[in-house]
Amino acid sequence: MVLGPPGTGKSRTIANVVLNILPKLQKKKLLLCAPSNKACDELLRRIVDRFSEENIPCEPGTVIRVGCQASDEYKLSDYYLDHLVLQELVRQLKSKPDLLNSEAQKIEKKIVEKAKIVISTLNYCASTRLRHLVHKLALIIVDEASQGLEPDLLIPLRFRCHKLILVGDPNQLSPTVLSDAGRAYNLQQSLYSRIYSRFRNYKDKSSTITMLITQYRMHLEICRFPNQCFYGGRLITHSSVAQRMAHFPLRPYSVYDLIHGRHEMDEGTRSSYNMLEVACIQRFCTMLVTNVNIWQSLIGQNSAMESTQSNSTATIQLNDDFSIAIQRRIAVITPYSAQVALLQKYLPPAIDVMTVDSSQGSEKDIIIISCVRGNDSIGFLDDKSRLNVMLTRAKYGLYIFGEVLNMYEFKRENLWLLMPDGVRLSASLSIPVPKHNHEKFPVLFEYKPYRKDDNFFNFDQSNIFYLTRRGFIVAKVDIHGTGSSEGVLIEREYTIEELNDCEHVIEQLAKYPHSNGRVGMYGLNWSAFNSLMMATFRRPNALQAVFAAHASDDLYKNDIHYPDGILHLDHYIVSIDQTNALPATPDYLINQQWIKQRFTRRPWSDIYLEHQLDNSFWRKYSIKYAYDNLTLPVYLIGGLYDPLVL
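Undergrad: Sorry, what's going on with the domain arrangement of the protein here?
TA: It is common to report an interface's size as the accessible area lost on association of the parts. Along its sequence, the protein is carved into domain 1 (2-212), domain 2 (220-302 + 317-402) and domain 3 (410-637). Each of domain 1 and domain 2 has a C-alpha centre, and the two are 30 Å apart. On the domain 2 side, the residues contacting the 13 residues of domain 1 number 16 residues. In this assembly, domain 1 and domain 2 are joined by 0 salt bridges. Taken together, the connections running from domain 1 to domain 2 amount to 9 residue pairs in polar contact (both at pLDDT 80 or more). Within the side of domain 1 that touches domain 2, the residues separate by chemical class into 5 nonpolar, 5 polar and 3 charged.

As structure tokens, then:
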């Protein structure tokens, strides 16, 4: 038995075995089998190529391919038994016009008896056309043996050959059995898997099972996960792979998490599809096949492609010969037939779109995977053998599209958080649904006055969805006197009152029943500023890390009020005072309490006009002057020369 993981050269190994045994056959023959015509044609192709590479003469009739379905590949047709019979019939008819039909059977028998290598599907081994092979075989080799039905694999044994090599991989696709009753009786188990399960735990299994451990196909990054998950880390990537990949400009492995994707059911086929994935993959493929620069490193390795290059421009048309050549190097794999139909409709024409089952045995420079499902069930992807096949077809780049990381459902809850002065702050929590009874989650907390329940409600949803589905409690809290929170409007930005309340909010979120006690702050602009201030000036025990986008360390020079010391007036200065005057959500009551809470404060713009110089008013909470206090992990986003940046 030979265990051949993806990319280890199973077909090439078989071809080498054939070439080594061929001179020793004398009057015997070799029978090569596989479950499918595609696999048989691949064996034929490999053997013919090895004859050519080794400059070994291959007389007509030495290798024959037996079957009822001719190959789509023209050069392989010459080896088909029917083609050889017709050739001989035509030759004889020229000299014997009255040739009888019975002569065709004699010619066929003569060709089969002359052949040294016979290639056939497992099923076709039952044909009477091969009856002459009984007692004539020195060896039977079955490729893709783990994908053949057990009864099918017994058929070649009728030729009474005493030596059998099974080549396969039980970690890839098993035989397809559609019948529920058949699956109930485990008919999807192959003979290879049955024997392999008996020997794999033996201490000296190497005498029975030979594992091919060097893979020549995949980039090391592509190989890493399948190697660890399915092959115990035993696969070694050949050095030629790294050399081949040295100038490939793209990342070898990327996952595009489409959190807004939604799978639907085709009513006719009852198969799933996902239009967002189709649209994203269409754009991705168009970028790939129209950008010459991506393929420059591969062009030099393939003279056929070199000849198609019409110019050196950065982009080309989809129907350009060079683009077509690129398209043939790309394939999209998806588990669902409805998704296959849609992708074939929208993608460039020469890109292969395959189901998982049809992709086994194939390889392409770039493989794109369309998962289709993910938000409620991963469907076919729950089948490890299918997952292994999809992840191991790519040579240079593997790109996965789908909602592949969103594993938590979530629920929402609104809370009142009580402050020491008796004021209640409004908190909106999005909470992952635990997968077990005692599961707890870290809390990501954003604290700002921009009205979480109306102004910023839609703006925040994509972030909430993204983070919560990944196992974080997301807490949005309106600052004292803003949005849905109670109390009088805060005096201005970043006051002691704001930071005091924030410290109490963090303490309560850490004690929330579903929380694991660890809190992180995050935000854009305002909430980024106060996140950095809390990490620098307060550092409550529960606060573990900060993510801040477009914040600065200098409130005077690098905030929006006095960039470079010059008064800056824009729509924000006016709109923030207008926003602060809005009634509280969700009732928007216009009453005396509203007037008291919203109009007893001076407009913030008026306050900032009183502080036009860089002094303690601004420096008190500018972290530029307290960097030594900032010891928590901080992730910053901003442009180096943007005004709002550290």
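Undergrad: Can you help me understand the sheet that holds strand β10 (residues 253-257) in this one?
TA: Consider a sheet: its strands pair through backbone hydrogen bonds, and that pairing is either parallel or antiparallel. The sheet built from 5 strands is open, its strands ordered β10-β16-β15-β13-β14 with parallel pairing. Only two strands of the sheet have a single partner each, and these edge strands are β10 and β14 (352-354). With direction set aside, neighbouring strand axes in the sheet form an average angle of 20°. Here β10 pairs with strand β16 (residues 394-402) via 5 bridges, running parallel. Of the residues in β16, the one forming a bridge with serine 254 is tyrosine 399.

Undergrad: Would you mind showing me how to read the pairing of strand β17 (residues 410-418) here?
TA: As paired elements, β17 and strand β18 (residues 424-432) share 9 bridges and run antiparallel to each other. Residue tryptophan 416 lies in a different strand from β18, and its bridge partner there is serine 426.

Undergrad: Mind showing me how you'd approach the sheet that holds β17 here?
TA: Pairing within the open sheet is mixed, and its 7 strands lie in the order β17-β18-β20-β19-β21-β22-β23. Strands with a single pairing partner mark the edges of an open sheet, and in this sheet they are β17 and β23 (634-637). On average, each strand axis in the sheet is tilted by 20° relative to the strand beside it, whichever way the strands run. By the bridge criterion, 4 bridges tie β18 to strand β20 (residues 473-478) in an arrangement that is antiparallel. Within β20, the position partnered with leucine 429 by the bridge is alanine 475. Where helix α18 (residues 457-468) meets the sheet, its contacts fall on β17, β18, β19 (441-448), β20 and β21 (515-524), and the angle it forms with β20 comes to roughly 150°.

Undergrad: Would you take a moment to explain the nonpolar core for this structure?
TA: A general tendency of soluble globular proteins is for nonpolar side chains to be buried together. Within the largest apolar cluster, 57 residues are counted, with the highest numbers of intra-cluster contacts made by Leu429, Phe445, Ile506 and Met521. Residue contributions to this core peak at 7 residues, all from helix α20 (residues 526-538). Dropping the residues within four chain positions of it, methionine 521 is found in contact with Phe445, Tyr447, Cys502, Ile506, Asn530, Ser531, Met534, Leu543, Ala545, Val546 and Phe547.

Undergrad: What exactly am I supposed to notice about the packing of helix α1 (residues 10-21) against helix α2 (residues 37-53) here?
TA: Between α1 and α2, the shortest axis-to-axis distance is 9 Å and the interhelical angle comes to 55°. Taken as axis vectors, α1 and α2 run oblique relative to one another. Crossing hand, α1 versus α2: right-handed. From α1, Ser11, Arg12, Ile14, Ala15, Asn16, Val18 and Leu19 reach across to α2, where they touch Glu42, Leu43, Arg46, Ile47, Arg50, Phe51 and Glu53. Classifying every residue of the contact of α1 with α2 by side-chain character gives 7 nonpolar, 2 polar and 5 charged.

Undergrad: Quick question: what am I supposed to make of the packing of aromatic side chains here?
TA: For any two aromatic rings, the description comes down to two numbers: the centre-to-centre distance and the angle of the planes. Using the criterion set out here, one finds 21 aromatic pairs in the structure. Aromatic pair tyrosine 450 and tryptophan 526: ring centres 5.9 Å apart, planes at 80°, arrangement edge-to-face. A residue pair is termed long-range when its members are at least 10 positions apart, and tyrosine 450 in the loop between β19 and α18 and tryptophan 526 in helix α20 qualify at 76 residues. We note that tyrosine 450, like tryptophan 526, is buried. Relative to tryptophan 618, the ring of tyrosine 556 lies with its centre 5.9 Å away and its plane at 55°, an arrangement referred to as tilted.

Undergrad: Just to check I follow, could you spell out the confidence of the model for the protein for this structure?
TA: Low pLDDT means the predicted atomic positions in that stretch should not be read closely. Taken residue by residue, the protein gives an average pLDDT of 86. The fraction at 70 or more is 91%. With pLDDT under 50 throughout, residues 301-313 is counted as low confidence; its partners more than four residues away or in other chains account for 19 contacts.

Undergrad: Before we go on, may I ask you to explain the pattern of salt bridges in this structure?
TA: A side chain with one charge may pair with a side chain of the opposite charge, provided their charged atoms come close. By the definition in use, this model includes 30 salt bridges. Arginine 12 is paired through a salt bridge with glutamate 53; the nearest N and O atoms lie 3.5 Å apart. Pair noted here: arginine 12 is in helix α1 and glutamate 53 is in helix α2, with a separation of 41 residues, a long-range link. Here arginine 470 makes a salt bridge to aspartate 257, at a shortest N to O gap of 1.6 Å. Placement of the pair is arginine 470 in the loop between α18 and β20 and aspartate 257 in strand β10, with a sequence separation of 213 residues. Residues participating in the shared-partner salt-bridge network are Arg12, Arg50, Glu53 and Glu54.

Undergrad: I tried to follow the environment of asparagine 201 on my own but got confused; where do I start?
TA: Along the polypeptide, asparagine 201 turns up in the loop between α8 (191-199) and β7 (210-211). Asparagine 201 sits in the exposed class, given a relative accessible area of 65%. For the pair asparagine 201 and serine 52, spaced 149 residues apart in the sequence, the C-alpha separation amounts to 40 Å.

Quick notes on the rules
Residues numbered from 1 in each chain as written. Predicted model: local features only at pLDDT ≥ 70, side-chain atom pairs only at ≥ 80, totals over all residues. Heavy atoms only, no water. Domains from an automatic or database assignment. Contact = heavy atoms within 4.5 Å. Salt bridge = Lys/Arg side-chain N within 4 Å of Asp/Glu carboxyl O. Polar contact = N/O pair within 3.5 Å; in protein donor to acceptor, adjacent residues only side chain to side chain. Nonpolar A, V, L, I, M, F, W, Y, C, P; charged D, E, K, R; others polar. Pairing = 2+ DSSP bridges. Helix = DSSP H or I, 4+ residues; strand = E, 2+ residues; numbered from the N terminus. Axes fitted to C-alpha atoms, helices over the stretch in contact; angles between N-to-C directions. Core = buried A, V, L, I, M, F, W, Y, C linked by side-chain atoms within 4.5 Å. Buried < 20%, exposed > 50% of the residue type's maximum accessible area, 1.4 Å probe, protein only. Parallel < 35°, antiparallel > 145°, perpendicular 65-115°, else oblique. Left-handed = near helix turned anticlockwise from the far one by under 90°. Phe/Tyr/Trp six-rings, centres within 6.5 Å; stacked < 30°, edge-to-face > 60°. pLDDT = per-residue confidence, 0-100.

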